[in-house]
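Report on the structure
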Amino acid sequence: MFPSILTQTHEVTNQMGIQLKKGERFNLSKTSPNLTKVAIALGWEVENELNFSDSNPQSCDIDASVFALGGDGKIPDERYFVFYNNSQSPDGAIAHSGDNQTGQTQGDDETIYVDLEKVTATVEEMVFVVTIHDAQAKHQNFSQIRNAFIRLYDRQTDSELARYDLTEAFSEETAVEFGRLYKKEAAWRFQAVGQGYKAGLQSFVDKYHSEIQQQEKPAEPRLPVIEDSHQSQKAIALDKKLQEKAPHIFNLAKKADISLKKANLTNHNAQVALCLDISASMSSLYRSGKIQRLAEKILALGCRFDDNAAIDIFLFGVNPHNPGEMSIDNFSNFIHHILQQYPLEGGTYYGKVMKEIRKFYFPDGRGSRRNAAIKADRPVYVMFVTDGETADESQSKQQLKWSSYEPIFWQFMAIGKSQKDVKSKGVRGWLARAVASDFTFLEQLDEMGDRYLDNADFFSLEDPEHIADEELYDLLTAEYPHWVKSARIKNLLP
């Protein structure tokens, strides 16, 4: 059980933690690797004209809640919706401090206590939301709320770890997602969200719980249905073609199917691009055939996302290039052939090729500044492979920010031993770090704020062939499903 502190509000008495902006992320496990007991405190103030007494029926009753989600983006059981009337999750990992019905205290109004050691393996994400009770009837919304914040602190020391002050100008919204705590590569991270909704708590119930309710309804008996849709026929035809012309790609595609099913991406439709670094430092990876074999794995993923059985290829060094499509008709020795036409170059510029990719898929914007969302029937998934840092950091950040208004997702993968993975001390440690790669900038892109929505993910591998195909596909689909859901909410996708 959680301590008696659950019945109290917590005042901010310690040093300020890292200040986050909307969209930015904080690696909790990296900053405090031994932390197990964390508190997520939420606070707000109601405008003076609404500060009525508890007996006043028009007082503003604001509630904090948490949805603990599985890998499918749904709560595994209705008891994983933790709020004032269900104050603890079934695994005992999440507890609610209780309902503050006035919002007139200074400091923390309501707090969610989390024991990370007790979180069941089923739960991969916790979404922290704040809603106004009976807002429509009382004609209340978040335009009447000020100084809202969410902060994380260590329950053992009371030290604040991170804080996000919501500065957004809300108007008709009656519910706001303040932030989310999620697990990625066995590490817990926090993201500042600040996304408003107009349908109150029902917005989140529909999003995270409605499918469970539907499953609980008795199924009506029906006759077996044979799938004969045009799309299923095309998928069957593609599988037959793969088995005949490219059995190796077909076998890879079957492995990708497993990851796609876990990520709820079966039958998902998207354009796929593979963007390859052709700087001179990549030479051994090309000579050994590792990039060719990696490209084949991405082609297999492309065959599941797009029934044209092809992926678009982009290259970058000092300059960007688009040599065309890699398909099941030309994939054999494809990388070797294009390198004869585009030799390795003596530099690395992410921003230049990101601009070219944006121009290719969204020619109306010409790869330039974009400040308003555009919608497309299907998204673009870009697999971006490099072994080092870029010479145009500022332009790369601009491109990532502007592209956040477009239905395009960037999956960055770095090849090489990361400096953060070097554990040795002394001279051996210094030498190991000297030959290791610095992927700090890619980590910054992954966690960069000030975007329309989070449109990138990053992971690094010392050797792309030192990981099972199934594990690679899991990494390639780790963050993408969350982006797809956000892109639909943000009107980038239908």
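Conventions adopted
- Residues numbered from 1 in each chain as written.
- Predicted model: local features only at pLDDT ≥ 70, side-chain atom pairs only at ≥ 80, totals over all residues.
- Heavy atoms only, no water.
- Helix = DSSP H or I, 4+ residues; strand = E, 2+ residues; numbered from the N terminus.
- Buried < 20%, exposed > 50% of the residue type's maximum accessible area, 1.4 Å probe, protein only.
- Contact = heavy atoms within 4.5 Å.
- Areas by Shrake-Rupley, 256 points an atom, 1.4 Å probe, with all protein chains shown as cover.
- Pairing = 2+ DSSP bridges.
- Axes fitted to C-alpha atoms, helices over the stretch in contact; angles between N-to-C directions.
- Arc of directions from axis to C-beta.
- Salt bridge = Lys/Arg side-chain N within 4 Å of Asp/Glu carboxyl O.
- Parallel < 35°, antiparallel > 145°, perpendicular 65-115°, else oblique.
- Left-handed = near helix turned anticlockwise from the far one by under 90°.
- Nonpolar A, V, L, I, M, F, W, Y, C, P; charged D, E, K, R; others polar.
- 1 Å grid on protein atoms, 1.4 Å probe; cavity = no way out; pocket = protein on both sides within 12 Å on 5 of 7 lines; lining within 4 Å.
- Points joined across faces, edges and corners; volume = space filled by probe spheres on them.
- Phe/Tyr/Trp six-rings, centres within 6.5 Å; stacked < 30°, edge-to-face > 60°.
- pLDDT = per-residue confidence, 0-100.

Within the chain, the secondary structure is distributed over 15 helices and 18 strands. Within the chain, the proportion of its 494 residues that are buried is 55%. Taking the contacts inside the chain whose residues are at least 6 apart along the sequence as the reference set, 76% of them involve residues at least 24 apart. Summed over its atoms, the accessible surface of the chain is roughly 22900 Å², and 47% of this surface lies on carbon and sulfur atoms.

This brings us to the sheet that holds strand β1 (residues 18–20). The strand order β1-β10-β9-β3-β7-β6 describes an open sheet built from 6 strands, whose pairing is mixed. At either margin of the open sheet sits one strand with a lone partner, and together these are β1 and β6 (94–96). Within the sheet, the average angular offset between the axes of one strand and its neighbour, ignoring direction, is 15°. The pairing of β1 with strand β10 (residues 160–165) spans 3 bridges and is classified as parallel. Among the inter-strand pairings, leucine 20 is bridged to a residue of β10, identified as tyrosine 164.

This part covers unusual backbone geometry. A negative phi holds for most residues other than glycine; trans holds for most peptide bonds. In the Ramachandran plot, asparagine 147 falls in the positive-phi region, its phi being about 55° despite a non-glycine side chain. Positionally, asparagine 147 belongs in strand β9 (residues 145–154). Asparagine 147 sits in the partly exposed class, given a relative accessible area of 46%. Located in the positive-phi region is asparagine 267, a residue other than glycine, with phi close to 70°.

Another point: helix α15 (residues 480–489). Among all positions in α15, only Tyr480, Pro481, Trp483, Val484 and Ala487 are buried. Projected onto a plane normal to the axis of α15, the buried residues spread over an arc of 155° and lie on a single side. Here the buried face of α15 lies against α8 (290–305), β16 (380–386), β17 (408–415) and α14 (469–476).

What follows concerns the pattern of salt bridges. In total, this model carries 34 salt bridges according to the counting rule given. Note that lysine 254 and aspartate 257 form a salt bridge whose closest N and O atoms lie 3.9 Å from each other. You can see lysine 254 and its partner aspartate 257 sitting in helix α6 (residues 247–262), 3 residues apart, about one turn around the helix. Classification of aspartate 257 as partly exposed rests on a relative accessible area of 23%. Between lysine 255 and aspartate 469 there is a salt bridge, with the nearest N and O atoms lying 3.0 Å from each other. Separated by 214 residues along the polypeptide, lysine 255 in helix α6 and aspartate 469 in helix α14 bring together distant segments of the chain. Residue classification places lysine 255 among the partly exposed residues on the basis of a relative accessible area of 28%. The buried category is assigned to aspartate 469, whose relative accessible area is 14%.

Here the focus is the packing of helix α10 (residues 350–361) against helix α11 (residues 393–403). Where α10 meets α11, the closest approach of the two axes is 7 Å, and the angle between their N-to-C directions is 25°. Looking at the two axes, α10 sits roughly parallel to α11. α11 is crossed by α10, and the crossing has left-handed handedness. Taken together, the residues of α11 that come into contact with α10 (itself represented by Tyr350, Gly351, Lys352, Met354, Lys355 and Arg358) are Gln395, Ser396, Gln399, Leu400, Trp402 and Ser403. Of the residues in the contact of α10 with α11, the class split is 4 nonpolar, 5 polar and 3 charged.

Taken as a whole and assessed by the stated rule, the structure comprises 1 cavity of 30 Å³ or more. As a volume, the largest cavity reaches approximately 490 Å³. Of all elements in the fold, only β8 (125–132), β11 (175–184), β12 (187–197), α3 (201–208) and α15 reach the threshold of two or more residues within the lining of the largest cavity. When the residues that make up the lining of the largest cavity are grouped by side-chain class, the tally is 11 nonpolar, 6 polar and 11 charged.

This part is about the packing of aromatic side chains. Geometry of an aromatic ring pair is reported as the spacing of the ring centres plus the angle between the planes. Evaluation of the coordinates by the stated rule reveals 27 aromatic pairs. An angle of 50° between the planes, with centres 5.3 Å apart, marks the rings of phenylalanine 67 and tyrosine 208 as tilted. A residue pair is termed long-range when its members are at least 10 positions apart, and phenylalanine 67 in strand β4 (residues 62–69) and tyrosine 208 in helix α3 qualify at 141 residues. Across the pair, exposure class does not vary: phenylalanine 67 and tyrosine 208 are buried alike. Seen in terms of ring centroids, phenylalanine 314 and phenylalanine 360 are 5.4 Å apart; in terms of plane orientation they differ by 80°. Their pairing is edge-to-face. In this pair, phenylalanine 314 sits in strand β14 (residues 310–316) while phenylalanine 360 sits in helix α10, placing the two residues 46 residues apart along the sequence.

What follows covers helix α9 (residues 334–341). Those residues of α9 lying buried are Phe334, Ile335, Ile338 and Leu339. Viewed end-on, α9 has its buried residues packed into an arc of 125°, placing them on one side of the element. Next to the buried residues of α9 lie β13 (271–277), α7 (283–287), α8, β14 and β15 (320–327).

What follows concerns the sheet that holds β16. Ordered by their spatial adjacency, 6 strands build an open sheet running β15-β14-β13-β16-β17-β18, and the pairing between neighbours is mixed. Edge positions in the sheet fall to β15 and β18 (456–461), since each of these pairs with one other strand and no more. Between one strand and the next, the sheet's axes are offset by a mean angle of 20°, whatever the strand orientation. Against the sheet, α8 touches β13, β14, β15, β16 and β17, its axis set at about 165° to β13.

Relative orientation of the contacting elements α6 and α8 amounts to 65°, with a least axis distance of 8 Å. Pair α6 / α8 crosses with right-handed handedness. Counting all contacts with α6, which are made through His248, Ile249, Phe250, Leu252, Ala253, Lys254, Ala256, Asp257 and Leu260, the residues of α8 involved are Glu296, Lys297, Leu299, Ala300, Leu301, Cys303, Arg304 and Phe305. For the contact of α6 with α8, a count of residues per class yields 11 nonpolar, 1 polar and 5 charged.

Per-residue confidence for the chain gives a mean pLDDT of 84; residues scoring 70 or more make up 84%. Low pLDDT (under 50) marks residues 49–57, which in the prediction has 11 contacts with non-local residues, meaning those over four places away or in another chain. This stretch, residues 419–436, has a pLDDT under 50; its non-local contacts, to residues over four places away or in other chains, come to 14 contacts.

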